[in-house]
Amino acid sequence: FTWIIVLNDYGYPPNVLIGLGTFDNWGKQVLFCQVHGGKFINAAGEVSNDWGASAVDAGYQFWDQGTEGTVLACEFPSKNFMGSLDALPTSADLQQSVSATFVGSNGAAFTDEEEVVTANSIRALRNNGYVPFLPWRARMSEFWDKEWLPLGVKKEG
């Protein structure tokens, strides 16, 4: 259970960690959490006047619990769609950031038979008060790399 202690040091409370490793999501999907209190902060350390999704959408993507904040619940968006292996679009047509190009000539969506997260599963979490969760304590870690934030969907590696 050492991992629970370490992750708590980086802002992930133990009460929400159990079960989050299911379906191999950890480190591969964005974690969404419901939070109460605390504050939202940008990478430069500036505190937002907005709260929740409004703050995150404005670039204040880190949450600091301060003295009063609590994490109520955390979930990964459901991987609720699996497309075909046979619908491979031609490489010239496939654009990683444009979902419409993932449709092959046979009209089926291509995901290489991998289950993937959809916009609707993210929207369902956001509509229920969940926000993308990046703890401020993790941002303040000596291991933090500022290059992690601007990683675009087209960048490989």
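Not measured: the values here are computed from a predicted model.

Q: I would appreciate a short explanation of the overall build of the chain in the present structure.
A: Secondary structure assignment for the chain yields five helices and seven strands. Here the chain holds 157 residues, and 32% of them are scored as buried. Of the roughly 10200 Å² of accessible surface on the chain, a fraction of 52% belongs to carbon and sulfur atoms.

Q: How should the state of the cysteines be read in this particular structure?
A: Here is the idea: a disulfide is a covalent bond, and it sits between the sulfur atoms of two cysteines. Applying the stated criterion across every chain yields a total of one disulfide. Here Cys-33 pairs with Cys-74 through a disulfide, and the sulfurs are 2.0 Å apart. Residues Cys-33 and Cys-74 are joined by a disulfide whose S-S torsion is about 105°; by sign, that bridge is right-handed. Placement of Cys-33 in strand S1 (residues 32–36) and of Cys-74 in strand S4 (residues 70–75) is noted, with a sequence separation of 41 residues between them. Accessibility classification places Cys-33 together with Cys-74 in one group, the buried group.

Q: I would appreciate a short explanation of the sheet that holds strand S7 (residues 131–132) in the present structure.
A: An order of S4-S1-S7 is seen for the three strands of this open sheet, with the pairing classed as antiparallel. Sheet topology places S4 and S7 at the edges, where each strand pairs with a single neighbour. Across five bridges, the pairing between S1 and S4 is antiparallel. Its bridge partner being in S4, Val-35 is matched across the sheet by Val-71.

Q: Please explain the pairing of S1 as it appears in this structure.
A: Here two bridges tie S1 to S7, and the two strands are oriented antiparallel to one another. Along S7, the bridge assignment pairs Phe-32 with Pro-132.

Q: Where do I start with the side chain of Asn-42 in this structure?
A: Inspection of the secondary structure assignment puts Asn-42 in the loop between strand S2 (39–41) and helix H3 (53–57). Its relative accessible area of 11% is what places Asn-42 among the buried residues. At 3.0 Å, the side chain of Asn-42 and the backbone nitrogen of Ala-44 are in polar contact. In this structure, Asn-42 is in contact with Gly-59, Tyr-60, Gln-61, Phe-62 and Trp-136, ignoring residues within four places of it in sequence.

Q: I'm lost on a negative patch on the surface in this one. Help?
A: Where like charges cluster on the molecular surface, the negative patch consists of Asp-86, Asp-112, Glu-113, Glu-114 and Glu-115. Position of Glu-115 among the secondary structure elements: in strand S6 (residues 115–116). You can call Glu-115 partly exposed: its relative accessible area is 48%.

Q: Please clarify how the packing of aromatic side chains should be interpreted in this entry.
A: By convention here, two paired aromatic rings are described through the distance between centres and the angle between planes. Tallied over the entire structure, the rule returns four aromatic pairs. Summarising the aromatic geometry, the rings of Phe-62 and Trp-136 are spaced 5.8 Å apart at their centres and angled 75° between planes, so their arrangement reads as edge-to-face. Taken together, the residues span a long stretch of sequence, with Phe-62 in strand S3 (residues 62–64) and Trp-136 in helix H5 (residues 136–139) at a distance of 74 residues. On the basis of relative accessible area, Phe-62 is assigned to the buried category, the value being 0%. Measuring from centroid to centroid gives 5.9 Å for Trp-63 and Phe-133, while their planes differ by 45°, and the two rings are tilted. With Trp-63 in strand S3 and Phe-133 in the loop between S7 and H5, this residue pair connects regions lying 70 residues apart in the sequence. Given the relative accessible area of 4%, Phe-133 is considered buried. By the ring-pair criterion, three or more aromatic residues cluster together here, those being Tyr-12, Trp-63 and Phe-133.

Conventions we followed
- Residues numbered from 1 in each chain as written.
- Predicted model: local features only at pLDDT ≥ 70, side-chain atom pairs only at ≥ 80, totals over all residues.
- Heavy atoms only, no water.
- Helix = DSSP H or I, 4+ residues; strand = E, 2+ residues; numbered from the N terminus.
- Buried < 20%, exposed > 50% of the residue type's maximum accessible area, 1.4 Å probe, protein only.
- Areas by Shrake-Rupley, 256 points an atom, 1.4 Å probe, with all protein chains shown as cover.
- Disulfide = S-S within 2.5 Å.
- Pairing = 2+ DSSP bridges.
- Polar contact = N/O pair within 3.5 Å; in protein donor to acceptor, adjacent residues only side chain to side chain.
- Contact = heavy atoms within 4.5 Å.
- Patch = residues over 30% accessible without salt bridge, like charges linked within 9 Å, V, L, I, M, F, W, Y side chains within 5 Å.
- Salt bridge = Lys/Arg side-chain N within 4 Å of Asp/Glu carboxyl O.
- Lys, Arg positive; Asp, Glu negative; His and termini not counted.
- Charge placed at Lys NZ, Arg CZ, Asp CG, Glu CD.
- Phe/Tyr/Trp six-rings, centres within 6.5 Å; stacked < 30°, edge-to-face > 60°.

The values reported here are purely geometric and, on their own, carry no functional implication.
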